[in-house]
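Residues per chain are reported as follows:
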Amino acid sequence: MVASGICGTDIKSLDSKELAQFCPIIMGHEGTGIVESVGEGVSTVKTGDKVIILCLPQCGECNTCLNSKNNICKEARLSGSHQTSEGNSRITCKGKTVYQFITTGTFSEYIVIKEISVAKIDEGALLEKVCIIGCGFATGFGAALNSAKVTPGSTCAVFGLGGVGLSVIIGCKAAGAAKIIAVDINKDKFAKAKTVGATECIDPRDFEKPIQTVLFDMMNGGADFCFEVTGNPETVAPALASCHKDHGVCVIVGSIGSWVQINLSSELFFSGRTVKGSVLGGWKTKDEIPKLVSDCMTKKFNLDPLITHTLSLDKVNEAIQLMKNGQCIRCVLLP
């Protein structure tokens, strides 16, 4: 491993009851590295290749991989949360099983991973930068381009201005959106949001009216596209209600616990609104994530505003605290 980004999913999972059954566990799922060695039959990467880790595998053979509308490989469904599809782990310590978060575990100096969960990238790629394409950037950027299919001249609202939310804004801008309103309760993030393409930033606490009413008025009947990127189940209904009632599309991007119930008024669906989920931006990972790395190298988008901190791996707890406190957009860990 050469670099690993810290994603909000890592942090949220640390506080979940679901993770307890898989401890001890190596966290992290967003990283880049150099192949040390390969097993028998591996053909798509070789020793010395620069690679990006794919937290969502692509076997290329299952029904999902062969369907152009889906990107959640059957391997991801079979493997459960943090073990291989065979029901085990590839790592032990002193004879005891150590699990890998989302079967990756990038907060480490070395990892062992299946071929379908790694992809070769350009030799000239800066690994300490493009590592965040492995999850955060691809998730947000793809949510705008692939899941929502943002159209030129459209209006967008983005709830949550972490690394993924800012990546959504970058995607909306790339798609030609005319108005992009960023919504967050941390005003310290507003300047960064405007740097990457937000046309306006608002804090819901500054208004007496509900945020959906505010956005409905600001966008003349609601936004064409809304993105919920906070991972807060309480934000889903306001995000959906902020969409245009006749044709608005609301994409749920933030990681919400599988055990959480979401309450939505039936009135929101007595209309033409659409609500949909997005996993890793809808990308076919092994085929398309390397192309995003190439696009980064040709400056089709800029990742620099997203990476605010770089720390050594032994300071991972400090890095996580920075993110929890809202002082950091993306922190990259280097061994």
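The shown structure was predicted, so the numbers you read here are calculated from the model rather than taken from an experiment.

*Asks:* Would you take a moment to explain the sheet that holds strand β7 (residues 118–120) for this structure?
*Replies:* Backbone-to-backbone hydrogen bonds pair the strands of a sheet. The strands run either parallel or antiparallel. An order of β7-β4-β3-β1-β15-β14 is seen for the six strands of this open sheet, with the pairing classed as mixed. Strand pairing shows two members of the sheet lacking a second neighbour, β7 and β14 (307–312), which therefore form its edges. Taken pair by pair, the neighbouring strands of this sheet meet at an average axis angle of 25°, ignoring direction. Inspection of the sheet shows strand β1 (residues 3–5) paired to strand β15 (residues 330–334) by two bridges, in the antiparallel sense.

*Asks:* Just to check I follow, could you spell out the nonpolar core for this structure?
*Replies:* As a rule of thumb, soluble globular proteins bury nonpolar side chains together. Grouped together as the largest cluster of nonpolar side chains are 53 residues, with contacts concentrated most on Ile133, Val150, Ile169, Cys172, Phe227 and Phe301. Here Ile133 is in contact with Ile52, Ala138, Ile289, Leu292, Val293, Cys296, Phe301 and Leu303, once residues within four sequence places are set aside. The next biggest cluster of nonpolar side chains, apart from the first, holds 20 residues, and it includes Ala157, Ile202, Ala223 and Ala239.

*Asks:* What should I look at first to understand the sheet that holds strand β13 (residues 274–277) in this one?
*Replies:* Within the open sheet, the six strands sit side by side as β10-β9-β8-β11-β12-β13. Their pairing is parallel. Either end of the sheet is taken by a strand with one partner, and the two such strands are β10 (200–202) and β13. The average angle at which neighbouring strand axes cross in this sheet is 20°, direction not considered. Examined bridge by bridge, strand β11 (residues 225–228) and strand β12 (residues 249–252) share four bridges and lie parallel to one another. Counterpart to Glu228 in the pairing with β12 is Ile252. Taken strand by strand, helix α4 (residues 136–148) contacts β11, β12 and β13, and its axis lies near 135° from that of β11.

*Asks:* Would you mind showing me how to read the pairing of strand β9 (residues 179–183) here?
*Replies:* Along any regular strand the residues' side chains alternate between the sheet's two faces. In terms of burial, β9 is a largely internal element, four of the five residues being buried. One ladder, built from five bridges, connects strand β8 (residues 155–159) with β9; its direction is parallel. Bridge pairing in β9 links Cys156 to Ile180. Crossover connection from β8 via helix α5 (residues 163–174) to parallel β9: handedness right-handed. Inspection of the sheet shows β9 paired to β10 by three bridges, in the parallel sense. When the sheet's bridge partners are listed, Ile181 is paired in β10 with Glu200.

*Asks:* Please clarify how the layout of surface pockets should be interpreted in this entry.
*Replies:* Put simply, the second largest pocket is a space of about 460 Å³. What lines the second largest pocket is a set of 21 residues, and nearest its centre among them are Val35, Glu36, Ser37, Ile111 and Ile113. Only β3 (30–34) and β4 (50–53) provide two or more residues apiece to the lining of the second largest pocket. In terms of residue class, the lining of the second largest pocket is built from 14 nonpolar, three polar and four charged.

Here is what the cut-offs are and how they apply
Residues numbered from 1 in each chain as written. Predicted model: local features only at pLDDT ≥ 70, side-chain atom pairs only at ≥ 80, totals over all residues. Heavy atoms only, no water. Pairing = 2+ DSSP bridges. Helix = DSSP H or I, 4+ residues; strand = E, 2+ residues; numbered from the N terminus. Axes fitted to C-alpha atoms, helices over the stretch in contact; angles between N-to-C directions. Core = buried A, V, L, I, M, F, W, Y, C linked by side-chain atoms within 4.5 Å. Buried < 20%, exposed > 50% of the residue type's maximum accessible area, 1.4 Å probe, protein only. Contact = heavy atoms within 4.5 Å. Right-handed = clockwise from strand over helix to strand, strands pointing away. 1 Å grid on protein atoms, 1.4 Å probe; cavity = no way out; pocket = protein on both sides within 12 Å on 5 of 7 lines; lining within 4 Å. Points joined across faces, edges and corners; volume = space filled by probe spheres on them. Nonpolar A, V, L, I, M, F, W, Y, C, P; charged D, E, K, R; others polar.

By themselves, these figures tell us nothing about what the structure is for.
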